[in-house]
Amino acid sequence: MADKTKVAEQYYAPPPDLGKWESLRIFLWNSETGQFLGRTGSSWAKILLFYLIFYAVLVGFFAAMLTIFYQTLDAKMPKWQMESSLIGNNPGLGFRPMPDSANVESTLIYYRANDKGSVLKWAQVIDDFLQQYRKKGSGSGEASGAENRVPCSPTSSNLGEKQVCDVPVEEFHPCTSANQYNYEEAGPCVFLKLNKIFNWTPNSYNSTDSLPEKMPEDLKQHIKLVSGKPEANTVWVSCEGENPADVENIGPVQYIPRRGFPAFYYPFTNKEGYLSPLVAVLFEKPRTGVLINIECRAWAKNIFYDRYERRGSVHFELMVDRA
């Protein structure tokens, strides 16, 4: 009975009061218990084995999932195309040069024609955009697939398996780098391009039958001149002032090298070296010192237009100053 009472009356003994460095030394290696960093060798072996198996299973699971996922994809062809895809089958229209990336919501092209720095700023933006169009070979520093680009025309024969149509931007005079895209002459060039949609082919207005009522009259006359010819197979382009005041201020407009995107550039099938066709719009004599709202529109039977949602068109503002 006395022994039982003696056992029950044992009290907790606090650990010895060790100094900071002594506690650290014992934590790193406790010679009495054989613990390293608070664990024995067998404890470290068990926990390391657990995490080794855990992460091996995790990596294997994700590797299997990725392998199954990539079996459903084609590197050259999207799985969902045209109306089944998120972007749909209505190509958008874009323009260059665009303002600084700091002004993501701005669509204003503003410069001073008699200010060399202002002119060079916009010319450099266009140079950067057209850089890929100027690469023609497959050597060091050239674009991949550039050797596949060949000259094309409305009467060209079918392309080879790897061939794509070239876009000869050096021939877009006066909208060339050597001419600073005519910005110094207060008649700037703006480049238009259609967004790429895989396997999309334009259904062109290639005759005067059933032309839209709202199509500009000068474009109707142009289509009438080429009706029945191979060059009529084109996605036509028109640029106009949005409001009556803008129509008065915009001045004459030229389309270089032609008034639209020829059908021989389509469909886009992700061939190596493919370039989207371009149209350089030359605003010959816009009124200076005035903000001009401009809408450029693409015309084809299978391009649907909505001004408010900017479908089939693009809006930007132009202001040329001489002060």
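Above this text is the structure in question.
Residues numbered from 1 in each chain as written. Predicted model: local features only at pLDDT ≥ 70, side-chain atom pairs only at ≥ 80, totals over all residues. Heavy atoms only, no water.

Undergrad: Break down the sheet that holds strand S8 (residues 260-262) for me, citing the residues and quoting the values.
TA: Spatial strand order, S2-S11-S10-S6-S8: five strands in an open sheet with mixed pairing. One side of each edge strand has no neighbouring strand; the edge strands of this open sheet are strand S2 (108-112) and S8. Taking each pair of neighbouring strands and ignoring which way they run, the sheet shows an average axis angle of 20 degrees. As paired strands, strand S6 (residues 234-241) and S8 are joined by three bridges and run antiparallel to one another. Considered in S8, the bridge of valine 235 is made with phenylalanine 261. (Pairing = 2+ DSSP bridges. Helix = DSSP H or I, 4+ residues; strand = E, 2+ residues; numbered from the N terminus. Axes fitted to C-alpha atoms, helices over the stretch in contact; angles between N-to-C directions.)

Undergrad: Give me the state of the cysteines: which residues, what numbers.
TA: Scanning all chains against the criterion turns up three disulfides. A sulfur-sulfur separation of 2.0 Å characterises the disulfide bridge that pairs cysteine 175 with cysteine 189. Linking cysteine 175 and cysteine 189, the disulfide has an S-S dihedral of approximately -75 degrees and is accordingly described as left-handed. Separated by 14 residues along the polypeptide, cysteine 175 in the loop between strand S4 (164-165) and strand S5 (189-194) and cysteine 189 in strand S5 bring together distant segments of the chain. Cysteine 189 shares its class with cysteine 175; the two are buried. Cysteine 239 shares a disulfide with cysteine 296; S-S distance 2.0 Å. One quick way to see it: the torsion about the S-S bond of cysteine 239 and cysteine 296 is about 110 degrees, and its sign makes the bridge right-handed. Of this pair, cysteine 239 sits in strand S6 while cysteine 296 sits in strand S10 (residues 292-299), and the two are 57 residues apart along the sequence. (Disulfide = S-S within 2.5 Å. Buried < 20%, exposed > 50% of the residue type's maximum accessible area, 1.4 Å probe, protein only.)

Undergrad: Which residues make up the packing of aromatic side chains, and what values go with them?
TA: As enumerated under the stated definition, the model contains 16 aromatic pairs in all. For the pair phenylalanine 268 and tyrosine 274, a centre-to-centre distance of 5.1 Å together with 45 degrees between the ring planes defines the contact as tilted. Three or more aromatic residues joined by ring pairs make a cluster, and in this case those are Phe50, Tyr51, Phe54 and Tyr55. (Phe/Tyr/Trp six-rings, centres within 6.5 Å; stacked < 30°, edge-to-face > 60°.)

Undergrad: Before we move on, could you go through the sheet that holds strand S1 (residues 93-96) and cite the residues and values that matter?
TA: With respect to topology, four strands assemble into an open sheet ordered S1-S5-S9-S7, the strand pairing being antiparallel. Edge positions in the open sheet fall to S1 and strand S7 (253-256), since each of these has one partner strand only. Averaged over all pairs of adjacent strands, the angle between their axes in this sheet comes to 30 degrees, without regard to strand direction. Two strands pair when backbone bridges link them, and S1 and S5 are joined in this way by four bridges, in the antiparallel orientation. When the bridges of S5 are listed, phenylalanine 95 appears paired with leucine 192. Across the face of the sheet, helix H4 (residues 116-134) comes into contact with S1, S5 and strand S9 (278-283) while running at roughly 45 degrees to S5. (Contact = heavy atoms within 4.5 Å.)

Undergrad: So, empty space enclosed by the protein: which residues are in play, and what are the values?
TA: Tallying each qualifying case throughout the model produces one cavity of 30 Å³ or more. Considering only enclosed or pocket space, the largest cavity measures out at about 60 Å³ in volume. Val167, Pro168, Phe172, Pro257, Arg258, Gly260, Pro262, Tyr265, Pro277, Leu278 and Val279 are the residues that line the largest cavity. Taken together, the elements giving at least two residues each to the lining of the largest cavity come down to S8 and S9. Considered class by class, the residues forming the lining of the largest cavity number nine nonpolar, one polar and one charged. (1 Å grid on protein atoms, 1.4 Å probe; cavity = no way out; pocket = protein on both sides within 12 Å on 5 of 7 lines; lining within 4 Å. Points joined across faces, edges and corners; volume = space filled by probe spheres on them. Nonpolar A, V, L, I, M, F, W, Y, C, P; charged D, E, K, R; others polar.)

Undergrad: Tell me about the side chain of aspartate 321, and name the residues and values.
TA: Tracing the backbone through its elements, the reader meets aspartate 321 in strand S11 (residues 313-321). Buried and without a salt bridge, aspartate 321 has arginine 112 as its closest oppositely charged side chain, separated by 6.7 Å. In this structure, aspartate 321 is in contact with Tyr110, Tyr111, Arg112, Ala113, Asn114 and Gly289, ignoring residues within four places of it in sequence. (Lys, Arg positive; Asp, Glu negative; His and termini not counted. Salt bridge = Lys/Arg side-chain N within 4 Å of Asp/Glu carboxyl O.)

Undergrad: Quick rundown of the pattern of salt bridges? Include the residues and the values.
TA: Where charged atoms from two side chains of opposite charge come close, those side chains can pair. Taken as a whole, this structure holds seven salt bridges when the rule is applied. A salt bridge links arginine 259 to aspartate 218; the nearest nitrogen and oxygen atoms lie 2.8 Å apart. One end of the pair, arginine 259, is in the loop between S7 and S8; the other, aspartate 218, is in helix H5 (residues 217-226), with 41 residues separating them in the sequence. Residue arginine 259 is classed as buried on the basis of its relative accessible area, which comes to 10%. What you see here is one network of salt bridges that share partners, running through Glu242, Glu295, Arg307 and Arg310.

Remember that the coordinates give geometry; whether it matters functionally is a separate question.
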